[in-house]
Amino acid sequence: MPAQRENPPGNDFPGASTAANKAVVRQLIDTWNNGDLAGMMRFWSPDMVHHGRDGSPMPGADVAAEMARFMRAFPDLRLTVHSLVAEDDLVSTRLTVEGTHQGEYLGLPPTGRKVSCALLGQLRIHSGTVVEHWGVADGLYLLEQLGLLPADLLQATA
């Protein structure tokens, strides 16, 4: 029989169930889908840290600025949840991000193109807030849809 893992050190919310942690993430996604950046930040611990594709930590304020920039470029942005999987204080997500390019993005004026890409993430929940986030989006596919990368370049990454 596999050994049971203890709650992570410093978790002052040991009664938090995986269902409760998944509910926090689901509410965060619903808030994102409503375009409410301030509301989303209420789900983040003041010292929340994001880890992107290179593993470098990014403070929550920088994440908020990046999210605001993305929301201006794709104001109809929508996340579709395909799966939420929880264990202990971690919730993993598999999402699709969809939106229409209606604002400047990476120096590119609005194209009106509809885009979508996969987004995988993992969130550490502590006392009902996100304290850490790891996320990787299929940015190459997004750039190809916007006309910033040739489609044949992506064949090597399929």
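Scroll up to find the structure.
Residues numbered from 1 in each chain as written. Predicted model: local features only at pLDDT ≥ 70, side-chain atom pairs only at ≥ 80, totals over all residues. Heavy atoms only, no water.

1. Let's talk about the pattern of salt bridges
Opposite charge on two side chains permits pairing when their charged atoms draw close.
Phase 1 of the analysis: This model, assessed by the stated rule, comprises four salt bridges.
Phase 2 of the analysis: Between glutamate 66 and arginine 69 there is a salt bridge whose closest N-O contact spans 2.6 Å. Of this pair, glutamate 66 and arginine 69 both sit in helix H3 (residues 60–73), three residues apart, which is roughly one turn of the helix.
Phase 3 of the analysis: Arginine 69 sits in the partly exposed class, given a relative accessible area of 26%.
Phase 4 of the analysis: The network of salt bridges with shared partners includes Asp89, Arg124 and Glu132. (Salt bridge = Lys/Arg side-chain N within 4 Å of Asp/Glu carboxyl O. Helix = DSSP H or I, 4+ residues; strand = E, 2+ residues; numbered from the N terminus. Buried < 20%, exposed > 50% of the residue type's maximum accessible area, 1.4 Å probe, protein only.)

2. Section: the layout of surface pockets
Phase 1 of the analysis: Each pocket or cavity is described by its volume, and for the largest pocket that value is around 1100 Å³.
Phase 2 of the analysis: Around the largest pocket, the lining comprises 37 residues; the ones closest to its centre are His50, Glu66, Leu119, Gly135 and Ala137. (1 Å grid on protein atoms, 1.4 Å probe; cavity = no way out; pocket = protein on both sides within 12 Å on 5 of 7 lines; lining within 4 Å. Points joined across faces, edges and corners; volume = space filled by probe spheres on them.)

3. Side note on the packing of aromatic side chains
Phase 1 of the analysis: Going through the model one piece at a time under the given rule, you end up with three aromatic pairs.
Phase 2 of the analysis: Between the aromatic rings of phenylalanine 70 and tyrosine 105, the centroid separation amounts to 5.4 Å while the plane-to-plane angle is 80 degrees, which identifies the pairing as edge-to-face. Pair noted here: phenylalanine 70 is in helix H3 and tyrosine 105 is in the loop between strand E4 (90–100) and strand E5 (114–126), with a separation of 35 residues, a long-range link.
Phase 3 of the analysis: On the basis of an interplanar angle of 70 degrees and a centroid distance of 5.3 Å, the ring pair of phenylalanine 74 and tyrosine 105 is categorised as edge-to-face. Of this pair, phenylalanine 74 sits in the loop between H3 and strand E3 (78–87) while tyrosine 105 sits in the loop between E4 and E5, placing them 31 residues apart in sequence.
Phase 4 of the analysis: Phenylalanine 74 gets classed as buried once you look at its relative accessible area, which sits at 1%.
Phase 5 of the analysis: The exposure class of tyrosine 105 is buried, given its relative accessible area of 8%.
Phase 6 of the analysis: Feature note: the residues Phe70, Phe74 and Tyr105 constitute an aromatic cluster, connected by ring pairs. (Phe/Tyr/Trp six-rings, centres within 6.5 Å; stacked < 30°, edge-to-face > 60°.)

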